[in-house]
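Residues per chain are reported as follows:
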Amino acid sequence: SEGATTMAIQQLPGSVTLGFTPYAARLEEWIDLARAAGHEVVLELPMESFDYPASDPGPHTLLTTLEPEINIQRLNFLLSRFTGYVGVTNFLGDKFTSDSASLTPILQELKDRGLLLLDARTSEASIAARIAADLNLPHALNNHFLDQKASRVAIDARLFELEQIAQENGSAVGIGFAYPVTMERIAEWSHTLSEKGIDLAPISAIASMRLSDSEN
């Protein structure tokens, strides 16, 4: 949605990281606008879900049934769709992120390219963070989907829970969709953080913190 993308770039704080699908039109233009507004950008990688192909994230999906070399080829195509991203996140992928043999070569390729991983944690079975830590790949974990119920009350409650996690653990990550109500609540919420002693940080800062913790 052009309107939602414009709203995200212009109205959300620059510390909010934006995720872009590789299938969107005018990708380079959107990425340039996002980065000019201070946003970090991640690429959404389509990965196999347990109910694939009923849930189909699109062409070039990374599949557990393919040889690693074929998945690497698909990854390289997806990564070539635009430039300027700091890393990737999984789009769907609850099956793929639970399969070590399929996932490990992909994460190694990301490390070799100097990218980070944001594990969206579409399933509790995801082993992406463990493998990333073993590879010393910078990574971050989604703590909450903010808008599975897209209402002001529900989103505000999830944001409050995110604050509690950050205060207890030192950091927290939330993922939301490009719903107008989500962007409105995040923008409002961001203005309250400084008085609570909380900083809104780009995803690369969280990934660096986790990598440092795993090395110590």
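The rules behind these values
Residues numbered from 1 in each chain as written. Predicted model: local features only at pLDDT ≥ 70, side-chain atom pairs only at ≥ 80, totals over all residues. Heavy atoms only, no water. Axes fitted to C-alpha atoms, helices over the stretch in contact; angles between N-to-C directions. Helix = DSSP H or I, 4+ residues; strand = E, 2+ residues; numbered from the N terminus. Parallel < 35°, antiparallel > 145°, perpendicular 65-115°, else oblique. Left-handed = near helix turned anticlockwise from the far one by under 90°. Contact = heavy atoms within 4.5 Å. Nonpolar A, V, L, I, M, F, W, Y, C, P; charged D, E, K, R; others polar. Core = buried A, V, L, I, M, F, W, Y, C linked by side-chain atoms within 4.5 Å. Buried < 20%, exposed > 50% of the residue type's maximum accessible area, 1.4 Å probe, protein only. Salt bridge = Lys/Arg side-chain N within 4 Å of Asp/Glu carboxyl O. Pairing = 2+ DSSP bridges. Polar contact = N/O pair within 3.5 Å; in protein donor to acceptor, adjacent residues only side chain to side chain.

Chemist: Please give an account of the packing of helix α6 (residues 152–169) against helix α7 (residues 180–190) that cites residues and values.
Modeler: At a minimum axis separation of 10 Å, α6 and α7 run at an interaxial angle of 45°. As the angle between them shows, α6 and α7 are arranged oblique. The way α6 lies across α7 gives a crossing that is right-handed. Listed contacts from α7 to Arg-152, Ile-155, Asp-156, Leu-159, Leu-162 and Glu-163 of α6 are Val-181, Thr-182, Glu-184, Arg-185, Ile-186 and Trp-189. The class makeup of the residues in the contact of α6 with α7 is six nonpolar, one polar and five charged.

Chemist: Can you break down the nonpolar core residue by residue, with the values?
Modeler: Leu-18, Phe-20, Leu-45, Phe-82 and Leu-107 are the most contacted members of the largest nonpolar core, which has 50 residues in total. In this structure Phe-82 touches Phe-20, Leu-27, Glu-28, Ile-31, Val-41 and Leu-43, once residues within four positions along its chain are discounted. With eleven residues, the next largest nonpolar core counts Val-42, Ala-120, Ile-206 and Ala-207 among its residues.

Chemist: I'd like a description of the pattern of salt bridges, backed by residues and values.
Modeler: Scanning the entire structure with this criterion turns up ten salt bridges. For Glu-48, the salt bridge identified is with Lys-95, shortest N-O distance 3.5 Å. Separated by 47 residues along the polypeptide, Glu-48 in the loop between β2 (41–47) and α3 (68–79) and Lys-95 in the loop between β3 (87–92) and α4 (100–112) bring together distant segments of the chain. On the basis of relative accessibility, which here comes to 5%, the residue Glu-48 falls in the buried class. Lys-95 sits in the partly exposed class, given a relative accessible area of 28%. A salt bridge links Arg-158 to Glu-161, with the shortest nitrogen-to-oxygen separation between them at 3.1 Å. Placement of the pair is Arg-158 and Glu-161 together in helix α6, with a separation of three residues, close to one helical turn. Glu-161 sits in the partly exposed class, given a relative accessible area of 31%. Salt bridges sharing partners connect three or more residues here, namely Arg-152, Asp-156, Glu-184 and Arg-185.

Chemist: Explain helix α1 (residues 2–11) to me, and be specific about the residues and the numbers.
Modeler: Among all positions in α1, only Ala-4, Thr-5, Met-7, Ala-8 and Ile-9 are buried. Looking at the packing, one finds that the buried side of α1 touches β1 (18–20), α2 (27–36) and α7.

Chemist: Describe in detail the sheet that holds strand β5 (residues 139–141), supporting the description with residues and values.
Modeler: The strand order across the open sheet built from five strands is β1-β2-β3-β4-β5, with neighbouring strands paired in parallel fashion. Strands with a single pairing partner mark the edges of an open sheet, and in this sheet they are β1 and β5. The mean inter-strand angle of the sheet, taken between neighbouring strand axes irrespective of direction, is 30°. Where β2 lies against β3, six bridges are found, and the strand directions are parallel. Each residue of the ladder has a partner; that of Leu-45, found in β3, is Asn-90. Sitting on the sheet, α2 touches β1 and β2, and the angle it makes with β1 is about 175°. Against the sheet, α3 engages β2 and β3, with an angle of about 145° to β2.

Chemist: Lay out the environment of Lys-196 in plain terms, naming residues and giving numbers.
Modeler: Take Lys-196: it is sitting in the loop between α7 and α8 (203–215). Look past the residues within four positions of Lys-196 in its chain and what remains in contact with it is Glu-163 and Gln-167. Engagement of the side chain of Lys-196 in a polar contact is seen with the side chain of Glu-163, the distance being 2.8 Å.

Purely geometric stuff here, so don't read any function into it on its own.
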